[in-house]
Structure formats: structure tokens, C-alpha cells
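Residue strings, one per chain:
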Amino acid sequence: YAKQPENVFMMGLEHLTKGTMQVGADKLQVIVKDDQLKPDRGKTLLEECYADDKADIAVGTTGSPVALAMLPVAEEHKKVLI
């Protein structure tokens, strides 16, 4: 289910960056993780993205219950969650 939005997101980034996957001097790195539509898993994966992967922005999820579980994590880390 989430593969289609993922593909569209990647196509959008490629279009935006004219195929370079770079904004200014910054190279974009996209990390894909599967929350399996489980709120606890989504929350844990977002923690990993912010803490371990040093992500600046998170995009996802496809499920509202997972997004609601992820919001406090983004707020705690003062990061963007789309």
C-alpha cells in the first residue's frame, strides 16, 4: 500500500532536484522504513530516524493512528514530520 506514495515522493524529489538529489550543497538521502501500520513500531522507527540516522525531516506514514503516535516524537526532537 505504501509503495505507491513512496514512488511518487521519490519522483517528486527527482523532479525538484533535476535528477541530482541535491539541494544546494546538501545531498538528499532517503531512508525508507516500514511501520507495518503499527503505531508503536512507527514511533520506534521515528526515534531511530531522528536519533540514530540523524534525520532532519520525516515523511510518512500512510496510517493516521501511526501518525498520531509519531507526533510526540517529532515534537520532542523539535523536528519536522510531514
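Read on for a plain summary of the structure.

Basis of the calculations
- Residues numbered from 1 in each chain as written.
- Predicted model: local features only at pLDDT ≥ 70, side-chain atom pairs only at ≥ 80, totals over all residues.
- Heavy atoms only, no water.
- 1 Å grid on protein atoms, 1.4 Å probe; cavity = no way out; pocket = protein on both sides within 12 Å on 5 of 7 lines; lining within 4 Å.
- Points joined across faces, edges and corners; volume = space filled by probe spheres on them.
- Helix = DSSP H or I, 4+ residues; strand = E, 2+ residues; numbered from the N terminus.
- Nonpolar A, V, L, I, M, F, W, Y, C, P; charged D, E, K, R; others polar.
- Expected span 1.5 Å × (residues − 1).
- Buried < 20%, exposed > 50% of the residue type's maximum accessible area, 1.4 Å probe, protein only.
- Arc of directions from axis to C-beta.
- Contact = heavy atoms within 4.5 Å.
- Salt bridge = Lys/Arg side-chain N within 4 Å of Asp/Glu carboxyl O.
- Bend = angle between axes of the 7 residues up to and from the residue.
- Core = buried A, V, L, I, M, F, W, Y, C linked by side-chain atoms within 4.5 Å.

1. Thoughts on the layout of surface pockets
Approximately 1,200 Å³ is the volume found for the largest pocket. Together, 34 residues line the largest pocket, and F9, V30, I31, A58 and V59 are the ones closest to its centre. Put simply, the parts of the chain that give the lining of the largest pocket at least two residues each are helix 1 (3–16), helix 2 (39–51) and strand 3 (57–58). Partitioned by chemical class, the residues of the lining of the largest pocket number 20 nonpolar, six polar and eight charged.

2. Let's talk about helix 2
Between its first and last C-alpha atoms helix 2 spans 18 Å; for 13 residues at 1.5 Å apiece the expected length is 18 Å, and the two agree. Within the sequence span of helix 2, burial applies to G42, L45, L46, C49 and Y50. Projected down its long axis, helix 2 carries its buried residues within an arc of 135 degrees, all on one side. The secondary structure elements touched by the buried residues of helix 2 are strand 3, helix 3 (64–77) and strand 4 (80–81).

3. Some details on the pattern of salt bridges
Per the counting criterion, the structure on display carries four salt bridges. In this structure, the salt-bridge partner of E48 is K33, at a minimum N-O distance of 3.4 Å. Placement of the pair is E48 in helix 2 and K33 in the loop between strand 2 (26–27) and helix 2, with a sequence separation of 15 residues. Overall, E48 belongs to the partly exposed group, its relative accessible area being 29%. Between K33 and D53 there is a salt bridge whose closest N-O contact spans 2.9 Å.

4. Considerations on helix 3
One full turn of an α-helix is made of 3.6 residues, so residues set three or four places apart face in the same direction. Look at helix 3: 20 Å from first C-alpha to last across 14 residues, which is about the 20 Å you get at 1.5 Å a residue. The largest bend in helix 3 comes to about 30 degrees, at M70, with the proline P72 one to four residues further on. Residues of helix 3 that are buried include every one of V66, A69, M70, V73 and A74, and no others. K78 lies just past helix 3 and shows a positive phi near 55 degrees.

5. Looking at the nonpolar core
Residues L46, C49, Y50, A55, A58, V66, M70, V73 and A74 constitute the largest nonpolar core, which totals nine residues. Taken together, the elements giving at least two residues each to this core come down to helix 2 and helix 3. For this core, the element with the highest residue contribution is helix 3, accounting for four residues.

6. Observations regarding the side chain of T17
Looking at the element boundaries, T17 is found in the loop between helix 1 and strand 1 (22–23). Every residue in contact with T17, bar those within four places of it in the chain, is listed here: Q22, V23 and L28.

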